[in-house]
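Each chain, letter by letter, is given below.
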Amino acid sequence: MIDKDLKIYDSVCTGCSACTEACMFPDESGINPIQLIINENGLNVPRINKVTCTECMKCYKACPTEDKIFNSDVTFDSYKAKIGNCYFGYSLDHEHRFEAATAGITTEIAAYLLDTKQVDGVISSYQNEDNDIITEIFTCSSEVKKTRGSIYRQVSALNGLGEKIESGRHKKLLFIGLSCHISGLKTLQKANKYLKKNVEFITIALFCKQTKTEEFSDMERSLLGAKPNQKINYRGKGWPGMTRVEGEKSLPLSDIRFGLMWGSFAFTPDYCFSCSDPIGLEADISVGDAWLSQYSADKIGSSLFVANTSKGDNIIKEMEKIGKIHLKRETVDNLLASQSTSHIIFKTSYSNARNALFGNVGAEDDTPNRYIKLIWWIKFNKKLVEWIFRSKIVTIIPNIILRVYAKISMVVFIRIFKHHPSTDSFNET
Ligand SMILES: Cc1cc2nc3c(=O)[nH]c(=O)nc-3n(C[C@H](O)[C@H](O)[C@H](O)COP(=O)(O)OP(=O)(O)OC[C@H]3O[C@@H](n4cnc5c(N)ncnc54)[C@H](O)[C@@H]3O)c2cc1C
């Protein structure tokens, strides 16, 4: 986050790179005074060269976080009311559905929009064989399908994008990213005249309750017996899929040691606790996993997705009509349950407290005690699980003990919500 005094707060910066893309005044050698660097926590964050900076404030205007942190009035009920038409479905291309992160809906939509010329490019990210994260503008439908899969790392999806869009003379683009990327794109569009005037975007967000730091991948590599910095395929090969590295062992995503890192928020960057849009409602379409018991028998790919705008809904219905995707209407309550309603309530409540206690920014205000307890519970679990992994004790603890621990920490999390007298929402008091 960049504030009015151009002070940068790393703890709540998502590294989206909207600020570096908004900068309009490069120095004599053509370098923008604001650039991404990797900080001591291994995360991409911006730094400003005070000598060459003209203080035009474009970076401040493009930063999506300040607005949210100090003006967030999201509540669970207002969030729930915004959720659009919910669907269950999957790509009808069997191989694609099997290889994709969940069920191939995202890149199937991308390929369809390119083939029908509804967009002239798709902005999508992938990991190359050297383990670098690349964000590219794809213009060919067979190429974009290569970006399938989930990247559980920080992706600076907007970095270098302005130049690529201008030089490709793109007019209508599909942008795929997390909700923090979509927010960055929207604020960047307001700050960047070229994008505002010349480019129309369709957006797809992935549901996301947390991403992970590079340390998480290191821990996964050590469980997989992989080489340092070897590329990990986090998903794919059916649903919910395998975590694997080329030539080494694969483990199911459901492996308890992976599950523990997700359930405890271990190796989750602080900025994820500032997020109040876990389902990606700012996008035209948002896509996630179908974590519901009625779909658990499927081993190929099952997705829940939401059309948040009529533009998004029309695309989904067109694709069903021509036999690209299987589609069935789902309810909002099932969609929330699939993501664990308690987690969605957590992420759509009391952003002030989350920013103060995870990001050390701002004040807690009138946060109920119960919510504060929940935050401390999460912080405690996060630290403990990180320690278990860093010290390698995890390799000697029997799976049964890890499972019991994971269950207890989850039950406490959920019970803190359930004990509330009115409903399951904190916000209704
Ligand atoms: C960090 C992260 C957290 C997630 N958390 C949840 C969750 O809590 N609940 C849930 O149901 N689903 C979650 N998902 C979404 C899920 O893993 C799938 O990405 C989603 O269901 C789309 O599947 P698909 O088969 O349609 O995608 P595919 O057709 O395989 O296409 C995947 C697309 O996602 C893009 N992509 C992948 N990772 C990133 C990234 N980090 N940043 C930007 N773009 C990316 C790729 O470029 C590609 O365009 C998460 C995904 C990520 C990356």
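Not measured: the values here are computed from a predicted model.

Reading the values: rules and limits
- Residues numbered from 1 in each chain as written.
- Predicted model: local features only at pLDDT ≥ 70, side-chain atom pairs only at ≥ 80, totals over all residues.
- Helix = DSSP H or I, 4+ residues; strand = E, 2+ residues; numbered from the N terminus.
- Buried ≥ 20, exposed ≤ 12 C-beta atoms within 10 Å, placed from the backbone.
- Contact = placed C-beta atoms within 7 Å.
- Expected span 1.5 Å × (residues − 1).
- Pairing = 2+ DSSP bridges.
- Near = placed C-beta within 6 Å.
- Nonpolar A, V, L, I, M, F, W, Y, C, P; charged D, E, K, R; others polar.
- Core = buried A, V, L, I, M, F, W, Y, C linked by C-beta atoms within 7 Å.
- Axes fitted to C-alpha atoms, helices over the stretch in contact; angles between N-to-C directions.
- pLDDT = per-residue confidence, 0-100.
- Domains from an automatic or database assignment.

1. What to know about the overall build of the chain
Helix and strand content of the chain: 18 helices and twelve strands. C-alpha atoms of the chain, sized along the principal axes, occupy 60 × 50 × 50 Å. Going through the 429 residues of the chain one by one, you find that 47% of them count as buried. Residue pairs at least 24 apart in sequence account for 73% of intrachain contacts in the chain once pairs closer than 6 positions are excluded.

2. Re helix α9 (residues 179–191)
Over its 13 residues, α9 runs 19 Å from end to end, which matches the ideal 18 Å to within 8%, given 1.5 Å per residue. Along α9, ten of the 13 residues are buried, which leaves the element largely enclosed by surrounding structure. Those residues of α9 lying buried are S179, C180, H181, I182, S183, G184, L185, T187, L188 and A191.

3. Remarks on the pairing of strand β11 (residues 303–307)
Among the five residues of β11, five are classified as buried, and the element is accordingly described as predominantly covered. Neither face of β11 is exposed, since S303, F305 and A307 on one face and L304 and V306 on the opposite face are all buried. In the sheet, strand β3 (residues 85–91) pairs with β11 via five bridges, with the strands oriented antiparallel. Counterpart to N85 in the pairing with β11 is A307. Pairing of strand β10 (residues 285–289) with β11 involves five bridges; the strand directions are antiparallel. Bridge assignment links D289 to a residue of β11, and that residue is S303.

4. So, the pairing of strand β2 (residues 44–48)
Of all five residues that make up β2, four are buried, and the element is covered over most of its length. Judged from the five bridges that link them, strand β1 (residues 34–38) and β2 form a sheet pairing that is antiparallel. Bridge pairing in β2 places I34 opposite I48. Taking the residues between adjacent antiparallel strands as the criterion, β1 and β2 are bridged by five residues, where G42 takes a positive phi near 75°.

5. Side note on the site of the ligand
Neighbouring residues of the ligand: 34 residues in total, closest A100, T102, T106, R148 and G288. Those elements giving two or more residues to the shell around the ligand turn out to be α6 (105–115), β4 (121–127), β6 (172–177) and β10. Counted by class, the shell around the ligand contains 15 nonpolar, 15 polar and four charged residues.

6. Structural notes on the environment of V51
Note that V51 resides in the loop between β2 and α2 (58–62). With 18 residues separating them in the primary sequence, V51 and P33 have C-alpha atoms 8.1 Å apart.

7. Re the nonpolar core
Formed by 112 residues in total, the largest nonpolar core has its most connected members in I109, A110, V122, L174 and I285. Tallying contributions element by element places α6 first for this core, with seven residues. Excluding residues that lie within four positions of it along the chain, L174 makes contacts with A110, L113, V119, V122, I123, I202 and I204.

8. So, the sheet that holds β4
If you walk across this open sheet you meet the eight strands as β5-β4-β6-β7-β10-β11-β3-β12, and the pairing is mixed. Of all strands in the sheet, those with a lone pairing partner are β5 (133–138) and β12 (325–330), marking the two edges. Adjacent strand axes in the sheet meet at a mean angle of 25° when their direction is disregarded. Strand direction decides the pairing type here: β4 and β6, joined by three bridges, are parallel. Within β6, the position partnered with V122 by the bridge is L174.

9. Side note on the confidence of the model for the chain
When the pLDDT values of the chain are averaged, the result is 93; 97% of them are 70 or greater. The low-confidence segment residues 420–429, where pLDDT is below 50, has 22 contacts with residues more than four positions distant or belonging to other chains.

10. Concerning the domain arrangement of the chain
Its domain assignment divides the chain into domain 1 (10–71) and domain 2 (76–342). Each of domain 1 and domain 2 has a C-alpha centre, and these two points are 25 Å apart. On the domain 2 side, the residues contacting the 24 residues of domain 1 number 24 residues. For the side of domain 1 that touches domain 2, the elements supplying multiple residues, two or more each, are α1 (18–22), α2 and α3 (64–71). Partitioning the side of domain 1 that touches domain 2 into residue classes produces eleven nonpolar, nine polar and four charged.

11. What to know about the environment of F138
With respect to the secondary-structure elements, F138 resides in strand β5. When residues no more than four places from it in sequence are discounted, the contact partners of F138 are G121, V122, S124, E143 and V144.

12. As for unusual backbone geometry
Geometrically, the link from W239 to P240 is a cis peptide bond, its omega value of 0° lying close to zero. In this structure, P240 sits in the loop between α11 (214–224) and β8 (242–244). Phi at K237 takes a positive value of approximately 65°, unusual for a residue other than glycine. Checked against the element boundaries, K237 lands in the loop between α11 and β8. Note on K237: 16 C-beta atoms within 10 Å, which makes it partly exposed. Of note, K392 is a non-glycine position whose phi angle comes to about 70°, a positive value. On the secondary structure map, K392 appears in the loop between α17 (369–390) and α18 (399–418).

13. What to know about the environment of T107
Mapped onto the elements, T107 comes out in helix α6. According to the C-beta neighbour criterion, T107 is buried, with 26 such atoms within 10 Å. With residues up to four places along the chain from it excluded, the contact list for T107 reads A100, V144, K145, T147 and R148.

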